[in-house]
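# Per-entry structural report
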Amino acid sequence: MNKFIIYIDKNSIFKHKNNITGNIYFNFDGFFFPERKWNDFIIIIINNWINSSYNILSGCTKYEELYFMDGPFLMKVRKIDSEVCVIELVENHTNILLSYRISAKDLFEEILRNVNLLSKYCTEQDWETDEIRKLQYLNTKFSTIF
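A brief report on the enclosed structure follows. (Residues numbered from 1 in each chain as written. Predicted model: local features only at pLDDT ≥ 70, side-chain atom pairs only at ≥ 80, totals over all residues. Heavy atoms only, no water.)

Attention now moves to the packing of aromatic side chains. Inspection of every chain in the model, using the stated rule, returns 16 aromatic pairs. Ring geometry for phenylalanine 108 and phenylalanine 142: centres 5.7 Å apart, planes at 85°, overall edge-to-face. In this pair, phenylalanine 108 is assigned in helix α2 (residues 104-125) and phenylalanine 142 in helix α3 (residues 130-143), connecting sequence segments 34 residues apart. Phenylalanine 142 sits in the buried class, given a relative accessible area of 1%. Members of the aromatic cluster, each reached through a chain of ring pairs, are Phe4, Phe26, Phe28, Phe33, Trp38, Trp49, Phe68, Phe73 and Tyr100. (Phe/Tyr/Trp six-rings, centres within 6.5 Å; stacked < 30°, edge-to-face > 60°. Helix = DSSP H or I, 4+ residues; strand = E, 2+ residues; numbered from the N terminus. Buried < 20%, exposed > 50% of the residue type's maximum accessible area, 1.4 Å probe, protein only.)

Right, here's the structure in full:
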């Protein structure tokens with residue numbers, strides 16, 4: 001099974017009013033998506049990703065799209081059996097840059113790891129917004145699954 005990592009650079013996280021941005025990107029065996037040091041609305045997208053990955057893992061859906069907020073990038077995730085997903089890394093909604101087989105559980109756990117990291121970081125910074133409260137709720141809710 002292919003491995004991947006989500007990188008979040010805590011040193012890049014910046015809060016302006018209620019908007020929190022930071023560097024977040026995937027590394028699929030040396031292929032960076034959308035690109036190395038991609039900057040985006042980090043809390044919003046990780047909240048959406050954890051919900052989507054849980055929907056796939058729990059069997060609620062067999063297909064989800066994980067979006068980045070800035071730019072034309074998304075990941076199409078399709079569950080092909082009880083344990084395996086295919087991820088298509090897509091630019092401009094139609095241009096498939098890479099197709100990748102991963103464990104559904106690994107996808108969920110990697111996103112959850114980053115939910116936990118961000119939740120702790122925001123608590124340390126004493127930041128509070130609606131999106132951070134949602135992040136902290138999702139962290140508590142999904143951390144008990146494994």
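From this point on, the discussion continues.
Turning our attention to the pattern of salt bridges. Per the counting criterion, the structure on display carries five salt bridges. A salt bridge links aspartate 106 to lysine 3; the shortest N-O distance between them is 3.2 Å. Here aspartate 106 is found in helix α2, whereas its partner lysine 3 is found in the segment before β1 (5-16), with 103 residues between them in sequence. Using a relative accessible area of 23% as the deciding quantity, one classes aspartate 106 as partly exposed. Judged by relative accessible area, which is 51%, lysine 3 ranks as exposed. Between glutamate 109 and lysine 105 there is a salt bridge; the shortest N-O distance is 3.9 Å. (Salt bridge = Lys/Arg side-chain N within 4 Å of Asp/Glu carboxyl O.)

In this section: the packing of α2 against α3. Between α2 and α3, the shortest axis-to-axis distance is 9 Å and the interhelical angle comes to 130°. Of the possible angle classes, the one that applies to α2 and α3 is oblique. Every pair of crossing elements has a handedness; the one defined by α2 and α3 is left-handed. For the pair formed by α2 and α3, the contact residues are Phe108, Leu112, Val115, Asn116, Leu118, Ser119, Cys122 and Thr123 on the first element and Ile132, Leu135, Gln136, Asn139, Phe142 and Ser143 on the second. (Axes fitted to C-alpha atoms, helices over the stretch in contact; angles between N-to-C directions. Parallel < 35°, antiparallel > 145°, perpendicular 65-115°, else oblique. Left-handed = near helix turned anticlockwise from the far one by under 90°. Contact = heavy atoms within 4.5 Å.)

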